[in-house]
Amino acid sequence: MNSLGSALEALETFLLFSDLLVEYPFPMTADLMDKIVALAKRRGFIFQSSEIYGGLNGAWDYGPFGVELKRNVKEAWWKATVHFRDDVVGLDAAILMHPRTWEASGHTANFADMMADCKNTNCSWRGRIDQLKNGKCPKCGGKDLTQPRAFNLMLKTSLGAMEDSSSVVYLRPETAQGIFVNFANVIDSMHRKLPFGIAQIGKSFRNEITPGNFTFRTREFEQMETEYFCRPEQALEKYEEWIKARFQWYLDLGMKKENLKLRVHDKDELAHYAAGCTDVEYNFPFGWSELEGIANRGDYDLKQHAKFSGKDLQYQDPVTNEKFFPHVIEPSGGCDRATLAFLVDAYHEETVNDTLRVVMKFHPKLAPIKVAVLPLLKKNEGIVALAKKIKSELQKDMVCVYDDTAAIGKLYRRQDEVGTVFCVTVDVQSLEDKQVTVRFRDTMQQERIPVERLLGYLKEKLS
Ligand code: GAP
């Protein structure tokens with residue numbers, strides 16, 4: 001770098017020290033959704049599936065930052081649900097299951113949306129009948145619609161060399177059934193006593209008639225589900241405990257309280273066997289919508305699988321020898337929906353020195369990158385060597401990147417846009433005093449920290 005370049009970088013650093021910050025609350029408007037979708041593509045969070053072929057409706061790919069964010073969401077859920085509790089164990093069941101599973105669960109007969117088509121040839125709207133507006137087509141307002149018909153949402157495929165009715169299997173539409181069919185295996189292998197839960201994270205598939213709102217409703221998605229088994233008389237208490245625990249999980253990961261609420265299902269929304277269901281809803285730019293449902297399901301699922309499999313799926317009390325079907329509380333959340341809500345909630349715009357700063361204020365546990373190490377002068381060998389050494393030390397404990405592809409001001413803004421929590425800048429002074437500048441994303445405040453204390457400092461701030 002020539003001396004003019006160095007002087008400009010130094011000037012830019014000086015200006016960033018004196019940033020003037022004007023922050024304003026961000027309104028939840030449809031316009032915000034457009035900004036999130038644009039940022040997600042521009043900065044490598046989420047891309048349309050098979051985009052070069054024109055895309056595939058209802059499927060999305062997570063890019064380099066998106067995959068880190070989503071992994072962090074799943075990791076936070078797994079820790080809170082499995083590792084930090086003594087009463088829940090994990091499971092990873094296969095996506096493909098015996099077709100009788102879906103007969104027992106009721107999905108073969110009932111997992112359908114009622115749909116209709118608009119007969120107006122200029123319109124040709126097709127969708128769910130709950131989208132109709134006062135019985136009229138939501139697109140053209142026409143009244144001439146086909147009779148409502150049931151459309152099963154399960155995706156079919158076939159196993160083995162023969163493609164006949166005997167080879168049909170389904171891509172699971174929920175992970176829950178993989179848990180129910182393993183209930184006896186977990187009891188036998190883990191010697192669990194009631195109450196206890198089995199949790200799993202995994203892909204589910206639904207042939208949604210109208211996928212949309214970005215990754216909110218898709219045809220391939222991931223669920224984070226727990227089936228919590230208890231004695232019938234404990235069910236109400238455990239239902240209430242799980243509602244509180246699941247609501248708190250979102251708050252603990254920094255989601256704004258005013259953007260979250262609980263919605264209790266009306267009696268007529270409940271399945272005939274369910275005693276209650278409460279949704280955690282998020283205030284998305286397109287309106288309040290479900291993130292997760294917590295259901296009090298009675299003993300329906302285990303009884304159904306016992307009936308269809310002929311296996312005894314009752315629990316035997318080890319003290320009294322009493323046998324009964326446990327009741328089930330089911331907290332069932334969507335990983336992609338939670339990730340989308342965290343993206344929306346993190347989005348901030350600020351005016352700094354009359355220019356726009358877009359910053360993703362993710363909770364440190366969720367931020368895709370924890371630390372970016374930035375050499376102030378990329379042609380100074382001493383600075384580069386020290387910066388690379390710092391990066392290789394830090395990456396043993398936290399997700400870390402090294403970037404020297406632009407001037408420091410631009411690098412800071414790029415890291416802000418993907419929510420990197422700290423930037424560590426190595427400059428000429430660092431070679432002498434063995435200190436680096438640590439800049440915090442949310443306040444842009446900077447501190448000089450000795451290199452030998454850096455790891456401890458960052459670990460403490462990120463915990
Ligand atoms: N075992 C219960 C069950 O599957 P659900 O309400 O159908 O219940 C649970 O799904 C969660 O899965 C939802 O709250 C949502 O977060 C997520 N989910 C369901 N369908 C989805 C879809 N088409 N796209 C993305 N997420 C979906």
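Residues numbered from 1 in each chain as written. Predicted model: local features only at pLDDT ≥ 70, side-chain atom pairs only at ≥ 80, totals over all residues. Heavy atoms only, no water.

Helices and strands together make up the secondary structure of the chain, namely 14 helices and 24 strands. Within the structure as shown, the chain displays about 22,600 Å² of accessible surface, and the carbon and sulfur contribution to it stands at 52%. Distance from the positive charge centre (61 side chains) to the negative charge centre (65 side chains) of the chain: 2 Å. (Helix = DSSP H or I, 4+ residues; strand = E, 2+ residues; numbered from the N terminus. Areas by Shrake-Rupley, 256 points an atom, 1.4 Å probe, with all protein chains shown as cover. Lys, Arg positive; Asp, Glu negative; His and termini not counted. Charge placed at Lys NZ, Arg CZ, Asp CG, Glu CD.)

Before going further, it helps to spend a moment on the pattern of salt bridges. Applying the stated criterion to the full structure yields 38 salt bridges. Close ionic contact of R149 with D117 constitutes a salt bridge, the shortest N to O distance being 2.6 Å. Note that R149 is positioned in strand β7 (residues 149–152) and D117 in strand β5 (residues 112–117), a separation of 32 residues in sequence. Between E393 and K396 there is a salt bridge, and its shortest N-O distance comes to 3.2 Å. Accessibility expressed as a relative area gives 42% for E393, which makes it partly exposed. Since its relative accessible area comes to 60%, K396 is described here as exposed. One network of salt bridges, with partners in common, ties together E350, R357, K361, R413, D416 and R439. (Salt bridge = Lys/Arg side-chain N within 4 Å of Asp/Glu carboxyl O. Buried < 20%, exposed > 50% of the residue type's maximum accessible area, 1.4 Å probe, protein only.)

Working definition: an aromatic ring pair is given by the centre-to-centre distance plus the angle between the planes. Throughout the structure, instances matching the rule amount to 20 aromatic pairs. Measuring from ring centre to ring centre gives 6.2 Å for F183 and F196, while their planes differ by 10°; the resulting arrangement is stacked. Taken together, the residues span a long stretch of sequence, with F183 in helix α7 (residues 183–190) and F196 in strand β10 (residues 196–205) at a distance of 13 residues. F183 sits in the buried class, given a relative accessible area of 1%. Look at F196 and you get buried, because its relative accessible area is 1%. An angle of 40° between the planes, with centres 5.5 Å apart, marks the rings of F422 and F440 as tilted. Taken together, the residues F422 in strand β22 (residues 422–426) and F440 in strand β23 (residues 435–440) connect sequence positions 18 residues apart. Since its relative accessible area comes to 4%, F422 is described here as buried. (Phe/Tyr/Trp six-rings, centres within 6.5 Å; stacked < 30°, edge-to-face > 60°.)

Time to look at the site of the ligand. Residues in contact with the ligand amount to 18 residues; listed here are only the nearest, E174, R206, E208, E225 and E290. One nitrogen or oxygen atom from the side chain of E208 is found 2.8 Å from a nitrogen atom belonging to the ligand. Residue F216 places a main-chain N or O atom 3.4 Å away from a nitrogen atom belonging to the ligand. Protein contacts shield 88% of the accessible area of the ligand, which totals 550 Å² for the unbound molecule. When contributions to the shell around the ligand are tallied by element, the ones reaching two or more residues are β11 (220–230), β14 (287–298) and β17 (327–334). A total of four residues in the shell around the ligand trace back to one element, the largest contributor, which is β17. Of the residues that constitute the shell around the ligand, the class distribution is four nonpolar, five polar and nine charged. (Near = heavy atom within 4 Å. Polar contact = N/O pair within 3.5 Å; in protein donor to acceptor, adjacent residues only side chain to side chain. Nonpolar A, V, L, I, M, F, W, Y, C, P; charged D, E, K, R; others polar.)

Here the focus is helix α12 (residues 408–418). Each full turn of the α-helix corresponds to 3.6 residues, which orients residues three or four apart in the same direction. Judged by how many residues are buried, α12 sits mostly within the fold: eight of eleven residues are covered. Those residues of α12 not exposed but buried are I408, G409, L411, Y412, Q415, D416, E417 and V418.

Across the chain, pLDDT averages 92, with 94% of residues at or above 70. Segment residues 1–25 is flagged for pLDDT under 50; beyond a separation of four residues in sequence, or across chains, it makes 43 contacts in the model. (pLDDT = per-residue confidence, 0-100. Contact = heavy atoms within 4.5 Å.)

This part is about the sheet that holds strand β12 (residues 260–264). Sheet architecture is open: seven strands sit in the order β4-β10-β11-β17-β14-β13-β12, paired in mixed fashion. Single-partner strands in this sheet number two, and they are β4 (88–90) and β12. When strand polarity is set aside, the average angle formed by the axes of neighbouring strands in this sheet is 25°. Two strands pair when backbone bridges link them, and β14 and β17 are joined in this way by six bridges, in the antiparallel orientation. Across the sheet, residue N296 finds its bridge partner in β17, namely I329. The sheet strands contacting α7 are β4, β10 and β11, and the helix crosses β10 at an angle near 135°. Packed onto the sheet, helix α10 (residues 335–346) meets β11, β13 (276–284), β14 and β17 and runs at close to 35° relative to β13. (Pairing = 2+ DSSP bridges. Axes fitted to C-alpha atoms, helices over the stretch in contact; angles between N-to-C directions.)

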